[in-house]
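# Examining the three-dimensional arrangement
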There are 2 protein chains.
Amino acid sequence: MGKRNLYLKTTPVEEAKTIYLEALKKVWEPEYETVPVIEACKRVTRHAVYAKNSSPLYNASAMDGIAVISARTYGASETKPVRLKEGEDFVVVDTGDPIHHPFDAVIMAEDLLETEKEDEVEITASVAAWQHVRPVGEDIVAGEMILPSCHKIRPIDVGVLLSAGILEIEVVRRPMVTIFPTGTEIIEPGEAIQEGSIIESNTRMFEQMVLEQGGLAKRCPILEDDYDKILKEVKQAVAGADMVLINAGSSAGRDDYTVHVLRELGEVLVHGVAIKPGKPVILAIVDHKPVIGLPGYPVSAYIAFENFVAPVLAMMGQLPVKTDQEAEAVISRRMVSSLKHKEYVRIKAGVVGGRMVAAPLARGAGAAMSLVRADGFCIIDQNSEGVEAGEKVKISLYRDPQEIANTVVVTGSHDLILDVAADLMPLLYSGMHLSSTHVGSMGGLMALKRVEAHIAPIHLLDETDGTYNDSYVRRLFQEPVAVVTGVQRIQGIMVKKGNPLGIRGIEDLKSCRFVNRQRGAGTRLLLDYQMKKAGILPKMITGYDREASTHMAVAALVASDSADAGMGIFSAAQSMGLDFIPVGEEWYEFAIPEVFLSLPHVQAFLEVLKSSRFAEELKKLGGYGMEKTGELRWIR
Amino acid sequence: MGKRNLYLKTTPVEEAKTIYLEALKKVWEPEYETVPVIEACKRVTRHAVYAKNSSPLYNASAMDGIAVISARTYGASETKPVRLKEGEDFVVVDTGDPIHHPFDAVIMAEDLLETEKEDEVEITASVAAWQHVRPVGEDIVAGEMILPSCHKIRPIDVGVLLSAGILEIEVVRRPMVTIFPTGTEIIEPGEAIQEGSIIESNTRMFEQMVLEQGGLAKRCPILEDDYDKILKEVKQAVAGADMVLINAGSSAGRDDYTVHVLRELGEVLVHGVAIKPGKPVILAIVDHKPVIGLPGYPVSAYIAFENFVAPVLAMMGQLPVKTDQEAEAVISRRMVSSLKHKEYVRIKAGVVGGRMVAAPLARGAGAAMSLVRADGFCIIDQNSEGVEAGEKVKISLYRDPQEIANTVVVTGSHDLILDVAADLMPLLYSGMHLSSTHVGSMGGLMALKRVEAHIAPIHLLDETDGTYNDSYVRRLFQEPVAVVTGVQRIQGIMVKKGNPLGIRGIEDLKSCRFVNRQRGAGTRLLLDYQMKKAGILPKMITGYDREASTHMAVAALVASDSADAGMGIFSAAQSMGLDFIPVGEEWYEFAIPEVFLSLPHVQAFLEVLKSSRFAEELKKLGGYGMEKTGELRWIR
């Protein structure tokens, strides 16, 4: 069975963070460097900064006009103007020009009356001493504190520092982070892919996350799983960096050497944290420097970085941790969690009926796309068993709340055309977005009922009369609902190129490895209807219980020979290079409650459906009938 | 009188913006470039991006354990374990290893029972097909849309793009902005300063603002006010850049050539905008490219950039405009505004008694330090005549609201020790801040009464008995107020080094140019008291009515020979190298209403007062007595 580590213990997140940061503070010393002010933006000041010179440097005119001796203007009025002579009583000045004794005030050009003489003007009001004169130091006084210690320099600060005569500034040195990808199965992006290969991508994400938190990053070539090599490289890296990250090998598998290497080189303070995803984290100190082992699953890697690497970088850079924006939302589905860990559930957020609604996404640690699709997280505390549907929760958003407010929330059956519409929305209607979650047709209608979505894409066959969608909507809703036609599409059986098993129809599914769609999916209802007609029972089909949740996921399983056949739409088969045996046509449509129909982003979506760009893209995908696209009928 | 432009007309802000952006959209074409994905973070996608390969690339084990044939595990139970043989019934797998036919499920290592044979294990439960197997494409399916068009790439996107086999990506080209500082009076930072020189700093601020908005910046050497030179340089710059900024010369003064140059080279769409500060803006198009003339005063420059340059960069980069965070606040002072313009008033924000309070700062266009000190803006619409004290207003914040919530709001008399305390707060108490506004002692007590500040620094002499502060506090407050001693400090007359006029006391102020403090300032009360004792009337002192609002501002006027004498504290005189004639000692103390005393940031401030670091810094400044610093007495 090979050698494995003891199964790792788990430390609660906050405890792990405290243990580690406290230990680091004892051994780590901040470092500083002097940089030119013109390159100091976003850096953090070491000391308070004091102005070297005042600004303005002298008494300066605040206007274009003439500098005068105020005493000589006394008594001037509309009826008794006072005449002033250039050189004697005034000098012409522009904004910023110095004002010299005996001149002590400025009159604006607009307030002067011309006279018959070139060098004389008249004024009709007296002026107070120091009118329109910016006194020396009005803006900045030499010797005053301009910026405090520990201040992150902004563009305006750069301007003021230069005005105050400061050319160089001492700032906190940016921490240099060396990052090692490890693993014998790992390949560089672009290298030839073989079965068992995993494309290395986490460390490239880390590089960018380090930059965002104010550090500098150096990503090294991939290290294979070799104890001595890892030991040698990490030891050398620690000598030249402020922090080292190792990805992955942080778990307790046979080839997970990271923890052993770090125990040999220094001290491992924590191995395993009660966080999900993200558990296999190693927090170590080697030669007074932080060395962190991060898990290999991309979502675990991301969450572990945010929780443990970012705070260390913040400490080193003397910056606050970059945080997501917090908001309150109603959660759309029950989420059960274990008391064993703090859990980060990715969510899609939308504003529906005036409330922020958060829909939980896939919870697997490997689902990197769920991080891309998500708008943020709902964090379930370790001491909570989860939250009920409809409960109010705190969410942290990494997408702009303004953008979320302008997003149509589409929940229901999946089709590739939703991606096309989502892509076209902001292109055709600036600032408008579409976000879709795939829960099947019935799931979509239920989301509409719970006021958690604006639109439900559905394709629900009524077995009694062969019609689509209307009877389901009528049964579920009291209030008027618009049904807008999306496309007529072809459903069928997807099989490998060349159809090696010679599948011709539903009947032949009994003799192959099938993969089904999830319960509530319209495609599954269609299969069930066809099976019933043919007298086929679920137990007769191997894999009837094996579920995938999108057309593309089914197609991918067939393409990779993990299954022989699956039901789905033509465009998915075409996109994966599969053969396709048509089973029937169906109507893929959009149910929209009356209250949402007039929303500007919902209207924008309906316009997108009818646009020529949309039609062009669907033609490329193939298998879609668009004669009735955009037609609206009311179900009351 | 020299040649001037006609006085410039002003266009309302939104109208100017619309005119300009619409005109640009007609002539300007977006440009794109292909970059490696590992360098694409923060860039904006041109097209939707589709996955090249799936992830995982194959059916993969989701656990460390053994891969089994699920059918062979049927019937296993606690009482009737099933025995499996390596090679025949199972193979050992680690997380991520491929699962090959006929194996179709994984059992975790923890669920295996060892047997007497090395190559045999027992299990006590059957497993379903595909348990703990990540199907091919579970995360990413080849052909599916990963990112939409117009998407700003984040670190997680970089990871997923690489996993999906994408190495290069087409993105919007970053706009290149060439920036010209102009003006014969302008000098480079570090050059020898002469009277009349202005240190060039605006364009260095612009450089950083361009970077923040996603552009690239090239700052050119200073151009003198020479029509032909400016013409030649701008013409050449337009050919090589996407946008050109010219600072300043955008007004209508004698040497303001920018508008004439731009009229010769292209079309000037707007000259002068109804915005304050920021009016002298020129919006031009030369050779299909935006060329913008920005005003010279730093605050005007900043506000004009935010309003006109940032939106153009956003359009070119296909990014949203970087916006400040909005909040609601109670305004602490009446602000009158004219219907002639939209006005940007800089404000300091604080949370006092559960409300966000905004205190307006200096409104001058030249007050760059007010931008540094401010937390954000209160924007008064062009069609508003202003807001009343206590009114609720929208503010936009460029400081972190979390930081603002942890800030002690100090309003009242000014002393350099407030800067020292503000500097030490976050150093000694992480995350705690102090923000001070200088409105004089009486102004501070009034702010406390209106619940707009936590602490008022005061030094108010009671003429009837020579005591400090208590009688004023008692008269104004019903509720208990703590008075905490700050320092005993020496007030006196500040005169030029060597005391050329031989000033020995109050009496001698009659024969010199004086500069006073503002009404309500404790220092002015002290002067009035001393004048009364000596029988001196205000009209006997030249400059009694000339006001400056801080000790340092008074000191700067004396140092620059703009005045001969002013009243102030020893540390200010010392900091500006002035001579000092002591007039008396006084108590500079902190009034703190009981309700605020227990706030953690107020407590942190009191600890800072008593810290050894604070004492050290005050020793350096000089002139402070610290025997009673930190002592608290109650006024009821």
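Conventions adopted
- Residues numbered from 1 in each chain as written.
- Chains lettered and ligands numbered in written order.
- Predicted model: local features only at pLDDT ≥ 70, side-chain atom pairs only at ≥ 80, totals over all residues.
- Heavy atoms only, no water.
- Helix = DSSP H or I, 4+ residues; strand = E, 2+ residues; numbered from the N terminus.
- Polar contact = N/O pair within 3.5 Å; in protein donor to acceptor, adjacent residues only side chain to side chain.
- Buried < 20%, exposed > 50% of the residue type's maximum accessible area, 1.4 Å probe, protein only.
- Pairing = 2+ DSSP bridges.
- Axes fitted to C-alpha atoms, helices over the stretch in contact; angles between N-to-C directions.
- Contact = heavy atoms within 4.5 Å.
- Buried area = accessible area lost by both parts, 1.4 Å probe.
- Salt bridge = Lys/Arg side-chain N within 4 Å of Asp/Glu carboxyl O.
- Nonpolar A, V, L, I, M, F, W, Y, C, P; charged D, E, K, R; others polar.
- Core = buried A, V, L, I, M, F, W, Y, C linked by side-chain atoms within 4.5 Å.
- pLDDT = per-residue confidence, 0-100.
- Disulfide = S-S within 2.5 Å.
- Least-squares fit on C-alpha atoms with pLDDT ≥ 70 in both.

### Topic: the side chain of Ser 370 of chain A
Residues and elements named next belong to chain A. Note that Ser 370 resides in helix H7 (residues 368-373). Here the side chain of Ser 370 touches Arg 346 through a polar contact of 2.7 Å, side chain to side chain. Of note is the side chain of Ser 370, whose polar atom sits 2.5 Å from the backbone oxygen of Ala 367.

### Points about the environment of Thr 184 of chain A
Residues and elements named next belong to chain A. Note that Thr 184 resides in the loop between strand E13 (176-181) and strand E14 (186-187). Classification of Thr 184 by relative accessible area gives exposed; the value is 54%. Sequence-wise, Thr 184 and Ile 198 are 14 residues apart; in three dimensions their C-alpha atoms are separated by 9.4 Å. Side-chain polar atoms of Thr 184 contact the backbone nitrogen of Asp 225, separated by 3.0 Å.

### Observations concerning the sheet that holds strand E18 (residues 267-271) of chain B
Residue and element names in this part refer to chain B. One open sheet accounts for six strands, arranged E16-E13-E17-E21-E20-E18; its pairing is mixed. Only two strands of the sheet have a single partner each, and these edge strands are strand E16 (216-219) and E18. Taking each pair of neighbouring strands and ignoring which way they run, the sheet shows an average axis angle of 20°. For strand E13 (residues 176-181) and E16, the ladder comprises four bridges, and the chain directions are parallel. If you follow Val 177 over to E16, its bridge partner there is Ala 217.

### Here we look at helix H2 (residues 155-163) of chain B
Residue and element names in this part refer to chain B. For H2, a buried count of nine out of nine residues is recorded, marking the element as mostly surrounded by other parts of the structure. Of all the residues in H2, the buried ones are Pro 155, Ile 156, Asp 157, Val 158, Gly 159, Val 160, Leu 161, Leu 162 and Ser 163. Taken from the residues just after H2, Gly 165 is the one with a positive phi, measuring 85°.

### Considerations on the interface of chain A and chain B
Contact with chain A, which involves 99 residues of that partner, is made by 97 residues of chain B. Carbon and sulfur atoms make up 62% of the surface buried where chain A meets chain B, a total of about 8,300 Å² over both sides. The residue Arg 373 of chain A makes a salt bridge to Glu 144 of chain B at a minimum N-O spacing of 2.7 Å. Viewed at the interface, chain B and chain A are joined by 24 residue pairs in polar contact (both at pLDDT 80 or more). When contributions to the side of chain A that touches chain B are tallied by element, the ones reaching two or more residues are strand E6 (90-93), strand E11 (145-147), helix H2 (155-163), strand E15 (198-199), helix H3 (202-212), H7, helix H9 (416-428) and helix H13 (551-559) of chain A. Top element by residues in the side of chain A that touches chain B is H2 of chain A. It accounts for eight residues. Class assignment of the residues belonging to the side of chain A that touches chain B gives a composition of 53 nonpolar, 24 polar and 22 charged.

### Examining the pairing of strand E5 (residues 82-85) of chain B
Residues and elements named next belong to chain B. Of the two faces of E5, only one is covered, namely that formed by Val 82 and Leu 84; the face formed by Arg 83 and Lys 85 stays uncovered. Inspection of the sheet shows E5 paired to strand E9 (residues 120-123) by four bridges, in the antiparallel sense. Counterpart to Val 82 in the pairing with E9 is Ile 123.

### With respect to the sheet that holds strand E18 (residues 267-271) of chain A
Residues and elements named next belong to chain A. If you walk across this open sheet you meet the six strands as E16-E13-E17-E21-E20-E18, and the pairing is mixed. Among the strands making up the open sheet, the edge pair consists of strand E16 (216-219) and E18. Within this sheet the neighbouring strands show an average axis-to-axis angle of 20°, counted without direction. Relative to strand E20 (residues 282-286), helix H1 (residues 13-27) is tilted by about 10°, and along the sheet it contacts E18, E20 and strand E21 (289-294). Sheet strands in contact with helix H4 (residues 227-240) are E13, strand E17 (243-247), E20 and E21, and its direction is about 165° off that of E13.

### Description of the nonpolar core
Formed by 68 residues in total, the largest nonpolar core has its most connected members in Leu 445, Val 473, Phe 590, Ile 592, Phe 605 and Phe 614 of chain A. Once you skip the residues sitting within four places of it in the chain, Ile 592 of chain A turns out to touch His 454, Ile 455, Val 481, Ala 482, Val 484, Leu 597, Val 602 and Leu 606 of chain A. Core analysis: the second largest hydrophobic core is formed by 67 residues, Val 410, Leu 445, Leu 557 and Met 576 of chain B among them.

### Some points on the confidence of the model for chain A
Detailed reading of predicted coordinates is not advised where the pLDDT is low. In the predicted model, chain A carries a mean pLDDT of 91, and 98% of its residues have values of at least 70. Ignoring residues within four places in sequence, the model shows residues 1-7 of chain A, a span with pLDDT below 50, making 25 contacts including any to other chains.

### What to know about the state of the cysteines
Tallied over the entire structure, the rule returns zero disulfides over all chains. With no disulfide of its own, Cys 150 of chain A lies 17 Å from the sulfur of Cys 41 of chain A, the closest cysteine sulfur.

### Comments concerning the relation of the copies chain A and chain B
Of the two same-sequence chains, chain A is brought onto chain B (RMSD 0.1 Å, axial shift 0.0 Å) by a rotation of 180°. Classification of the inter-copy transformation places it as that of a two-fold axis. Scanning chain A for the C-alpha nearest the rotation axis identifies Gln 325 of chain A, at a separation of 5.5 Å. Interface overlap between copies: 98% of the residues of chain A at the interface are likewise at the interface in chain B, consistent with a symmetric, same-surface contact.

### Some words on the environment of Ala 129 of chain B
All names here are of chain B. Its place among the elements puts Ala 129 in the loop between E9 and strand E10 (133-134). Separated by 60 residues in sequence, Ala 129 and Ile 69 have C-alpha atoms that sit 7.8 Å apart. Beyond its immediate chain neighbours, meaning those up to four positions away, Ala 129 contacts Ser 70 and Asp 104.

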